Amino acid sequence: MALGVRLLLLLALWTLVVPARSLREAGDGGWWRPGPGAPAAVAEEERCTVERRADLSYAEFVQHYAFSRPVILQGLTDNSRFRDLCSRQRLLALFGDSVVRLSTANTYSYQKVDLPFQEYVEQMLHPQDPFSMGNDPCILLCVLLSDTLYFFGDNNFTEWASLFRHYSPPPFSLLGTIPAYSFGIAGAGSGVPFHWHGPGFSEVIYGRKRWFLYPPAKTPEFHPNKTTLAWLRDTYPALALSARPLECTIHAGEVLYFPDRWWHATLNLDTSVFISTFLS
């Protein structure tokens, strides 16, 4: 084949590949990265059992959901500017040298590790090992190698204020509460095992996050030091239908509301960027 023809073919292939890559990165903010070690085959649930509402009024929210059951909110706010700022490229440019605090992804999160944000993004956002424990009693090196470190909650609000001021939280509040943000980024297969606290909202900015929820009176069966991925693999299949949690996968732009003291566990199906608004 003549050299000129080969060059034309290569150019044609390049024009096909580059736009496809650009479209994908625009959709996931550049957080998807190819490479070995693909995430475990974790899919969305067969049927979402949490109601989705796109036209919810505040009166309906208080009457039907605020104190009784979770709900997924759609289209209540426009966070496109915040989403743009949360792309991989923009966050690394703005906060790459900032030190972030990581917690081990277990119910009690005893271990804490500080490291530069860029190091976390470039070295630790790989798929979760489904066989790793949430927090084995071992030295720091063991924690660093256990695939369980998670950036969520321990935010320096002064340092990250330039980002948070662009976020529009859900317009619903509860009397006597003050909202507090908690921002996070986590790799596919990571998540937090079952725990409970006060009410709040959780919005996915990029990626997908699968939620499992039980009402306060129904304590889930789980090991507090095992990951959600391990629970899904070992415990979930044996649960009777009546013993299964409410569950649903939250997509980018959707917001989940969870009431006070509801048990919940999360599992990131992709590398995910998310922000919670706790009402405390």
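Treat the numbers as computed from the prediction; the structure is a model and nothing was measured.

Draft legend 1. Quick peek at the overall build of the chain. When you go through the chain residue by residue, the secondary structure sums to 8 helices and 12 strands. For the chain, with 280 residues in total, the buried portion stands at 45%. Counting only carbon and sulfur atoms, one obtains 59% of the accessible surface of the chain, whose full area is about 14,300 Å².

Draft legend 2. The packing of aromatic side chains, seen in detail. Throughout the structure, instances matching the rule amount to 30 aromatic pairs. Following the ring pairs from residue to residue traces out a cluster consisting of Phe82, Phe95, Phe117, Tyr120, Phe151, Trp160, Phe164, Tyr167, Tyr181 and Phe183. The positively charged end of lysine 209 is found above the aromatic ring belonging to phenylalanine 274, 3.6 Å away from the centroid.

Draft legend 3. Structural detail: the sheet that holds strand E5 (residues 149-152). Read from one edge of the open sheet, 9 strands run E1-E2-E10-E7-E12-E6-E5-E3-E4, paired in mixed fashion. Sheet topology places strand E1 (52-53) and strand E4 (112-116) at the edges, where each strand pairs with a single neighbour. Of the pairings in the sheet, the one linking E5 to strand E6 (residues 179-186) comprises 2 bridges and is antiparallel in character. When the bridges of E6 are listed, phenylalanine 151 appears paired with isoleucine 185. Packed onto the sheet, helix H5 (residues 117-124) meets strand E3 (99-104), E4, E5 and E6 and runs at close to 100° relative to E4.

Draft legend 4. Focus on the packing of helix H4 (residues 88-95) against H5. Contact geometry of H4 with H5 gives a least axis separation of 9 Å together with a crossing angle of 145°. Contact with H4, carried on its side by Arg88, Leu91, Leu92 and Phe95, involves Phe117, Gln118, Val121 and Glu122 of H5 and no other residues of that element. The residue makeup of the contact of H4 with H5, split by class, is 5 nonpolar, 1 polar and 2 charged.

Draft legend 5. Quick look at the environment of leucine 85. In this fold, leucine 85 is placed in helix H3 (residues 80-85). On a C-alpha basis, the gap between leucine 85 and leucine 163 in space is 7.2 Å, while along the polypeptide they are 78 residues apart. Leaving out residues up to four positions away in the same chain, leucine 85 has contacts with Arg90, Leu91, Leu163 and His166.

Draft legend 6. Inspection of the confidence of the model for the chain at higher detail. Taken over all residues, the pLDDT of the chain has a mean of 83, while the share at 70 or more is 78%. A low-confidence stretch, residues 7-25 stays under pLDDT 50, and its non-local contacts, those more than four residues away or across chains, total 5 contacts. Scored below 50 in pLDDT, residues 135-147 shows 22 contacts in the model against residues more than four places distant or in partner chains.

The rules we used
Residues numbered from 1 in each chain as written. Predicted model: local features only at pLDDT ≥ 70, side-chain atom pairs only at ≥ 80, totals over all residues. Heavy atoms only, no water. Helix = DSSP H or I, 4+ residues; strand = E, 2+ residues; numbered from the N terminus. Buried < 20%, exposed > 50% of the residue type's maximum accessible area, 1.4 Å probe, protein only. Areas by Shrake-Rupley, 256 points an atom, 1.4 Å probe, with all protein chains shown as cover. Phe/Tyr/Trp six-rings, centres within 6.5 Å; stacked < 30°, edge-to-face > 60°. Lys NZ or Arg CZ within 6 Å of the ring centre and 35° of its normal. Pairing = 2+ DSSP bridges. Contact = heavy atoms within 4.5 Å. Axes fitted to C-alpha atoms, helices over the stretch in contact; angles between N-to-C directions. Nonpolar A, V, L, I, M, F, W, Y, C, P; charged D, E, K, R; others polar. pLDDT = per-residue confidence, 0-100.

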